[in-house]
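Letter by letter, the chains look like this.
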Amino acid sequence: MRRTPRQVLYDVLAWLVLSVLAAAAGPDPFAEPGVFAVVTGGRVLLLGLAVLVGRAWPLAASVILLPLGPWDFGEGLATTSWDFTGGVATTDQLWPLSLVSVKIFPLSTTTLAVLWYAYRTGRSASRAWPATAVFGAAAVIGAGVVLAQGGLLRYWVTMVSGLIGCYVVPYLLGTLRRLLLQQRERTQLSVAAQARLRERTRIAHDMHDSLGHDLALIAVRAAGLEIAPGLAPAQAKAAGELRVAASEATERLREIVGLLRDDFDPAPLVPVAADVTDLVERSRDSGMDVSLEVAEGPVPALAYRAVQEGLTNAAKHAPGAWVRVSVSPARISVRNGPARGRPTAIPGGMGLTGLRERVRLAGGTMTAGPVDDGFELVVLPLQGEEDPLGA
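Summary of the structure given here. (Residues numbered from 1 in each chain as written. Predicted model: local features only at pLDDT ≥ 70, side-chain atom pairs only at ≥ 80, totals over all residues. Heavy atoms only, no water.)

## Details of the packing of aromatic side chains
Tallied over the full model, the rule gives three aromatic pairs. Taken together, a centroid distance of 5.3 Å and an interplanar angle of 45° make the contact between F135 and Y167 tilted. With a gap of 32 residues between them, F135 in helix α5 (residues 129-148) and Y167 in helix α6 (residues 153-226) connect regions that are remote in the sequence. Of the two residues, F135 and Y167, both sit in the buried class. Measuring from ring centre to ring centre gives 5.5 Å for F135 and Y171, while their planes differ by 80°; the resulting arrangement is edge-to-face. Within this pair, whereas F135 is found in helix α5, its partner Y171 is found in helix α6, the two being separated by 36 residues in sequence. On the accessibility criterion, F135 (13% relative accessible area) is buried. Take Y171: its relative accessible area is 13%, and that puts it in the buried class. (Phe/Tyr/Trp six-rings, centres within 6.5 Å; stacked < 30°, edge-to-face > 60°. Helix = DSSP H or I, 4+ residues; strand = E, 2+ residues; numbered from the N terminus. Buried < 20%, exposed > 50% of the residue type's maximum accessible area, 1.4 Å probe, protein only.)

## Description of the pattern of salt bridges
Throughout the structure, instances matching the rule amount to five salt bridges. The salt bridge involving E376 is made with R331; its shortest N-O contact spans 3.6 Å. Here E376, found in strand β7 (residues 374-380), pairs with R331, found in strand β5 (residues 331-336); they are 45 residues apart in sequence, far enough to count as distant. On the basis of relative accessibility, which here comes to 36%, the residue R331 falls in the partly exposed class. Two residues, E357 and R360, come together in a salt bridge whose shortest N-O distance is 2.5 Å. Within this pair, E357 and its partner R360 are both found in helix α10 (residues 351-361), separated by three residues, close to a single helical turn. (Salt bridge = Lys/Arg side-chain N within 4 Å of Asp/Glu carboxyl O.)

Structure follows, in structure tokens:
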């Protein structure tokens, strides 16, 4: 594992701080220079080795630091005394007679390194048995130290609390942290996958709305050419083939979009502020008989999609029919008369379903169905609404 300059700097600083702490708690260098050199020098060397390998292999650092474990019975984070004899207890008495000056969780300046690398072991280890083996070896060492001191119960209490506090607890905390990070990563990946799926569905729905509308206009133009006077038979046949091809392309588009609509999200890619007038002009230029009436006031956010869907349906299912578009802040309607030619698509597309869902999410209402001898689409947007799926 190659370290960055910043990581090298952090490791050097950590080694210096731990070395200073180890030296401060060691023998007096002036009174016992030889002992200081051996004890403190050995600790500094072990800390340096642990820092050197600990970033890549924290379990190896824990092995290196085993000599600095909780083996000193004179140190402790807490001290408690029990006396069950009613008198003065001696330190040699065993439970249940008395238990005095018991050290809980032996703690020294070098214990911080032991704690840190036990925690890092839990953070990085994917398998539990290597750490279990190392901590088991620490338990064996601790039992040997206790037995060498006479096996008194107070020493057992000190040693067990030290082993749990120095190895087990930080390792479990590191493992918990690792599991939480893994869960967060899985959650982020899942959110990203869902976002990609929603974006794919948005694109698919926009393809249906925009390309379907354009293909319908192409079919209208082809139908007009097919029956135009003075057209040669070959040209009329080509126009008819173009009309059929546009119709088939629309149906294939509908089928493809249907495959992409497992999780329907009708958020548009077209800006909701698109000009409805331009949309109507394009349809009129394609040969449709379209009129537009726009009332004073703000154009509803749903107007573009509603008018686009109404014009597309009229072009596909009622070719040659007149179409009346009316847009006001409180009402959007697209009404067409009876068809004058053969429909260029079969009923049952997904356009109205998608528009109905969009209107529902925006808080409005929509109706669509036959009226007299034609068809009418009416959208009543929520007053003051902003399309939540709009750009």
